[in-house]
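Chains, contacts and geometry: an overview
Chain by chain, the residues:
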Amino acid sequence: MSRLSSGGFIDRSRIVKFSFDGKSYSGHPGDTLASALIANDVKLVGRSFKYHRPRGILTAGSEEPNALVSLRKGARHEPNTRATMVELFDGLEAFPQNVTPSLSFDVMAVNQLISRFIGAGFYYKTFMWPASFWEKLYEPIVRGSAGLGTTPNVPDPDHYEKASAFCDVLVIGAGPTGLMAALTAARSGARVILADEDYLIGGRLNSEKVTIGDRDGAQFSAAVAAELVAMPNVKVMSRTTVFGVYDDSYGAVERVSDHLAVPAPYQPRQRLWRIAAKHTVLAAGAIDRPIVFDGNDRPGIMLAQGVQTYINRFAAAPARRMAFFTSSDGAWVAAFDAADAGVEIAAIVDARRTVADRLLAEARRRNIRTLLGGAVTAAHGSPLKSVDVVADGKRERLAVDGLAMSGGYSPNVQLACHHRGRPQWHPEIGALLATDPPPRMKLAGAANGSYALSACLADGAAQGAEAAVAAGFAAKTVALPRCQDDPVEVQAYWHVKDTAHFAFVDFQTDVSVKDIEIAAKEGFIPVEHLKRYTALGMGADQGKLSNFNGLAIMADITGRSIPEAGTTIYRPPYTPVSMGALTGHHRAKDFRPTRLTPTHFWAKRLGAKFVETGMWLRAQYFPRPGDKDWLATVQREVTAVRSSVGMIDVSTFGKIDLQGPDVGKLLDRVYVNTYSTLPVGKARYGVMLREDGMVMDDGTTAHLSDDHWVMTTTTVNAVKVFSHLEFCLQVLWPDLDVRMASISEQWAQIALAGPNARKVLEKIVDDPAAVANEALPVMGAKEAKLMGGIAGRVFRLSFSGELGFEVAVPARHGEKLAEAMMAAGKEFGITPYGTEALAMMRIEKGHVSGPELNGQTTVADLGLGKMASKKKDYIGRVLFERPDLTDENRLGYVGIVPVDKRNVLRAGTHLMPLGAAVAVANDHGFVSSATQSPTFGHAVGVGFLAGGAKRIGEKMRAYDPLRGGDFEVEICSPYFYDPQGERTRV
Amino acid sequence: MSDLLASLLPDQPLAPGRYGADTQAPGVKAKRLDLALATLTAGRGAAPALAAALAAGIGIALPAGAQYVAVDGIGFIGIGPGRWTVAAEGISGEALLERLKAFLGANGSACDQSDGSVVFELSGLKVRDALAKLLIVDIDPAVFSAGSAATTSAALIGTTFWQTDTAPTYRFAVARSYAPAFVRALAASAVEYGFELT
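Since the model is a prediction, treat every value here as computed from it, not as a measurement.

To continue, consider the overall build of chain A. Along the backbone of chain A there are 23 helices and 50 strands. Along the first, second and third principal axes, the C-alpha atoms of chain A reach 110 × 70 × 55 Å. Here chain A holds 986 residues, and the buried ones make up 55% of them. The contacts in chain A between residues at least 6 apart in sequence include a share of 67% that link residues at least 24 apart.

Our next topic: the overall build of chain B. Looking only at helices and strands, one finds 4 helices and 12 strands in chain B. In terms of its C-alpha atoms, chain B occupies a principal-axis envelope of roughly 55 × 35 × 25 Å. The buried share of chain B, reckoned over its 198 residues, is 54%. Relative to all contacts within chain B whose residues are 6 or more apart in sequence, the contacts with residues 24 or more apart total 64%.

A word on the domain arrangement of chain B. All names here are of chain B. Taken domain by domain, chain B consists of domain 1 (16–33 + 116–197) and domain 2 (36–112). Centre-to-centre separation of domain 1 and domain 2, based on C-alpha positions: 25 Å. On the side of domain 2, 10 residues touch domain 1, which itself brings 11 residues to the contact. Elements supplying a minimum of two residues to the side of domain 1 that touches domain 2: β8 (117–123), β9 (149–154) and β10 (157–165). In terms of residue count, the dominant contributor to the side of domain 1 that touches domain 2 is β9 (3 residues). Split into classes, the residues belonging to the side of domain 1 that touches domain 2 amount to 5 nonpolar, 6 polar and no charged.

Residue and element names in this part refer to chain A. Taken in spatial order, the 6 strands line up as β45-β48-β47-β46-β49-β50 and close into a barrel, and their pairing is antiparallel. Mean inter-strand twist for the sheet, computed between neighbouring axes without regard to direction, equals 40°. The pairing of strand β46 (residues 910–913) with strand β47 (residues 925–933) spans 2 bridges and is antiparallel. What sits directly across from Leu911, in β47, is Gly925. Against the sheet, helix α21 (residues 835–845) contacts β47 and β48 (938–946), and its axis sits at roughly 115° relative to β47.

Moving on: the interface of chain B and chain A. Contact residues are listed per partner, giving 39 residues for chain B and 38 residues for chain A. Looking at the side of chain B that touches chain A residue by residue, the class counts come to 17 nonpolar, 11 polar and 11 charged.

So, on to the packing of helix α4 (residues 176–187) of chain A against helix α9 (residues 453–470) of chain A. Residue and element names in this part refer to chain A. Between α4 and α9, the shortest axis-to-axis distance is 7 Å and the interhelical angle comes to 35°. In this structure, the crossing between α4 and α9 has a hand that is right-handed. On α9, the residues that touch Pro176, Thr177, Gly178, Leu179, Met180, Ala181, Ala182, Leu183, Thr184 and Ala185 of α4 are Leu453, Cys456, Leu457, Asp459, Gly460, Ala461, Gln463, Gly464, Ala465, Ala467 and Ala468. The residue makeup of the contact of α4 with α9, split by class, is 14 nonpolar, 6 polar and 1 charged.

This part takes up unusual backbone geometry. The linkage connecting Pro572(A) with the following residue, Pro573(A), adopts the cis geometry, with an omega of 0°. When you line up the elements, Pro573(A) lands in the loop between α13 (562–565) and α14 (579–583). Going from Ala167(B) to Pro168(B), the amide bond is cis rather than trans, its omega being 10°. Turning to its location among the elements, Pro168(B) is positioned in the loop between β10 and β11 (169–175). We note that Arg239(A) has phi near 50°; this positive angle belongs to a residue other than glycine.

Residue position: Lys604(A) is located in helix α15 (residues 600–605). Once the C-alpha coordinates of Lys604(A) and Ala619(A) are considered, the two residues, 15 residues apart in sequence, prove to be 8.2 Å apart.

Take the pairing of β46(A) next. Residues in a regular strand project their side chains so that they alternate between the two faces of the sheet. When β46(A) meets strand β49 (residues 955–960) of chain A, the two strands line up antiparallel, connected through 4 bridges. What sits directly across from Leu911(A), in β49(A), is Ala958(A).

This part is about the pairing of strand β37 (residues 695–705) of chain A. All names here are of chain A. Of all 11 residues in β37, 8 are buried; the element is thus mostly enclosed. Summarising the sheet, strand β36 (residues 683–689) and β37 pair through 7 bridges and their orientation is antiparallel. Residue pairing for β37: Ala683 is matched across the bridge by Ala702. Turn length for the β36-β37 hairpin, with the two strands adjacent in sequence and antiparallel, is 5 residues, and the turn residue Gly693 shows positive phi of about 95°. Looking at chain direction, β37 and strand β38 (residues 708–713) are connected through 4 bridges and run antiparallel. Each bridged residue has a counterpart across the sheet, and for Thr701 the counterpart in β38 is Met711. Counting the residues between successive antiparallel strands, the hairpin from β37 to β38 contains 2 residues.

Quick notes on the rules
Residues numbered from 1 in each chain as written. Chains lettered and ligands numbered in written order. Predicted model: local features only at pLDDT ≥ 70, side-chain atom pairs only at ≥ 80, totals over all residues. Helix = DSSP H or I, 4+ residues; strand = E, 2+ residues; numbered from the N terminus. Buried ≥ 20, exposed ≤ 12 C-beta atoms within 10 Å, placed from the backbone. Contact = placed C-beta atoms within 7 Å. Domains from an automatic or database assignment. Nonpolar A, V, L, I, M, F, W, Y, C, P; charged D, E, K, R; others polar. Pairing = 2+ DSSP bridges. Axes fitted to C-alpha atoms, helices over the stretch in contact; angles between N-to-C directions. Left-handed = near helix turned anticlockwise from the far one by under 90°.

So this is what it looks like as structure tokens:
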């Protein structure tokens, strides 16, 4: 066991059992999976992506590129989890990834032997030819080797949520800087959100041995956190990663239950937050940079900050005998902490020739050997057994089972780049800093290149105060506590030159120095090209550890400075976000809300089958015992309507109430036909165009009284037409006085159709004479009392081709109206019908609907050209008169019937000349809607054919390769049923 | 089962009752109200005249923005320039429309919406926490208090809502066809605090 006998923020009184790679281990509450593995002497944790090289744990944070594991089994199985971020829980099962067949023996490690041939650009060069190999051979190979881990193939049993939060000051990162920023802003009265990805507030204060005032770092952070939590204007969000900066909001994910085997009752697994902040302080800290040398990926090699964290926070020693390889002061302090914890330190190798006397003295006090101006040139063993060291021309091999490295710090500027601000090179600290952060974001502390603790506290307090003042609060001064003030000297150091083949730059994508050399040689020199050619920084860690080293090495190779080589940029997300969190409750049937019609439950009681039309659930058909299948049901419904009477809920149509003196003018301008002359008590069918001349929507608009009209739209365009009219009134014609309100939801509307429709209607309206043929002629519209005093509206409209009425009542009476119609129609065998029968009858009748109003058809294409007024202007008129849209050979509206009446015609079928070969050049048109008409006893269809109506009578080939149709059809008029409309006038 | 929705079909309305966490008092309470509703729209350039007529007629100062003002049981909620939702208790939709029309003249139009929207009254100690999951509107008492209103979307469902007191109590008007979906989204967001539907 490598667990230290004392120290750390773990609860030694409790044992947590877990397993990794099938073996059982134990840890303590407070451990991460990574710290518990280290405490159990597990060094080998995974295999690398491309070469399947053995890998261990590199870091103690969210930047971890190596220790990617799968968690849990079954439906909660979760791949690609960073062991460094997994809180240990009892019963946790973790598995290594990318191992074939096992972690300790991986046959794919053979890739290392052929690594010289599968370097950067291998895929591009190899899988190009012959082209015929792609689908059968190459793609399966590439797909097989792509990705890490596997996804479960059963639904996630947990639920996820989305939420929003608002604040004056958002502080990202709860280390010393963030705590001071939050405290200062909060004491000034600002609403503060403090978010940190860790479950323990304090950041590096939990990893480093520091004193602040009269307390140690962890006590200080606990005290500040307690004060913040107690303040009503502060929300402290631990386990919350702010992952993206968007327009006026931040994206964050809160891992509510990831640290539990199963979420507590009614708790989500994760919660996605949209945070709107007036001002933001980014205090995300800085992370150690790896150094590139031969074998730098071997298990046992770790970043110095990680070593320090495991020793101080988790009381777990990553090795028994360690060397430190660095160019910054921080790693020296980490070495001292390791030595103090009982780890034998073989040497501190520093690339710098001089370091502060204070550090040398501390090393001497602990009898630690120091090698200045030195380097580690190679590492051996898996896990690590020794390292080769060179200093002052002398080479030697040190037997160690651990190596800590730090080539300087990379400030965590990622979020500051999300608005395309490119980080800039600052040679004085050897790092890239954000100089162009998103609006109202300031960086503070180590994230801004200030590494000394005193500087972090001061910077945090200053930025917190500034943010509060900017948000309109009077800043209260917060006394800065005394603390260590040692400067932290850093020299950027990234590459031990002349190292052999396996000197890794990007651990997660297995990019080595060699790959960068290949990219340079082949001309992929600009940093964005380098990235795409080699996959540098394209792992899930987005190059947090690798991008800088990659571009710096490219700069070296091409003899340029880092600014000349260019810097990469970061995009959201900062760390990977699960799809579940992005989806929230909106999954499966809750993908979008479901809308129910006023007669939904009535239809359900009658056994209706429902269909989703947009968000609506509409009755599709009403099966009865004895119906052979759905088609038989629908045909029965159609026959009932044509021979007696049927009814259908049409409440889903958009309904717009229009009042005011200028409604007529508005309608004349938005419809192709004229409305201003329509008398009160009448409705008219109209077609609206888009500005480009294509048909947007159709429907009827009725004139109820002098200044009062009601428009109907198709179901699908209800919102679109409303907003179109809003645009017209607010932007195009602000002079028109029209008062508009959506009444789609206010009115339940049921269509009554068939020769006996009036006989049924007469029993529902309070005054039967009001609906007589003369009193309510075709296209008549009137307000009427129904069912004993309910104020409703009756329109004489027909979509079925039969005598028809649409009856509207306030929606709460919708069911009552349906039941009244059923009772009144019982003697006539009234039949409720659904959207299928509606569609069947409209095709028989030749009415256009959704498949014809497809955004590519003009009013002339639809055979409605005569409706378009020549006497007035209207939206779409100018572009509708374009030569191409008036070409007589455009696809025009026709009817189609099979010559052999046994054939089934289907929408989507292509129309070609008889005997023509199957070729795009011979494609003359298509069937847009078709049905098995019970009225005619055979299939009828409508569609579009080049030349349109002038080709009526022609025989054509109907070709439907998708469903195996190929037969002869005759082109005819689309108005199959009662073309003169006599049945509606009776 | 922590996901209430998984066991409830979208066209199966949530029955009144207690759901979710077994808290002493429900953290979130929702009650379906039966209010008379109307939309009121000023004619072009006639908003001042309409406001004056209503001020004289029923003593109300029509809100100029997204606010809620009530007098004698009739509340006016600003939903856009020259547009208001009117919500009244203890009166029928037809009667409300008649009452409004008496003051309109040529200055505006009104339209009955009593069947078009359903109003839910939401309250409880955790109502703000639950609403944070439905709304992208800041309802912190520092910026949103009694008399505040907003027209927005809640879990993809269009709504106008207003705060009636500092308890806090909110009223949400949602289109009738969406009412079951709204309750569904609300319940899913509120069950962790204990949810009661009446």
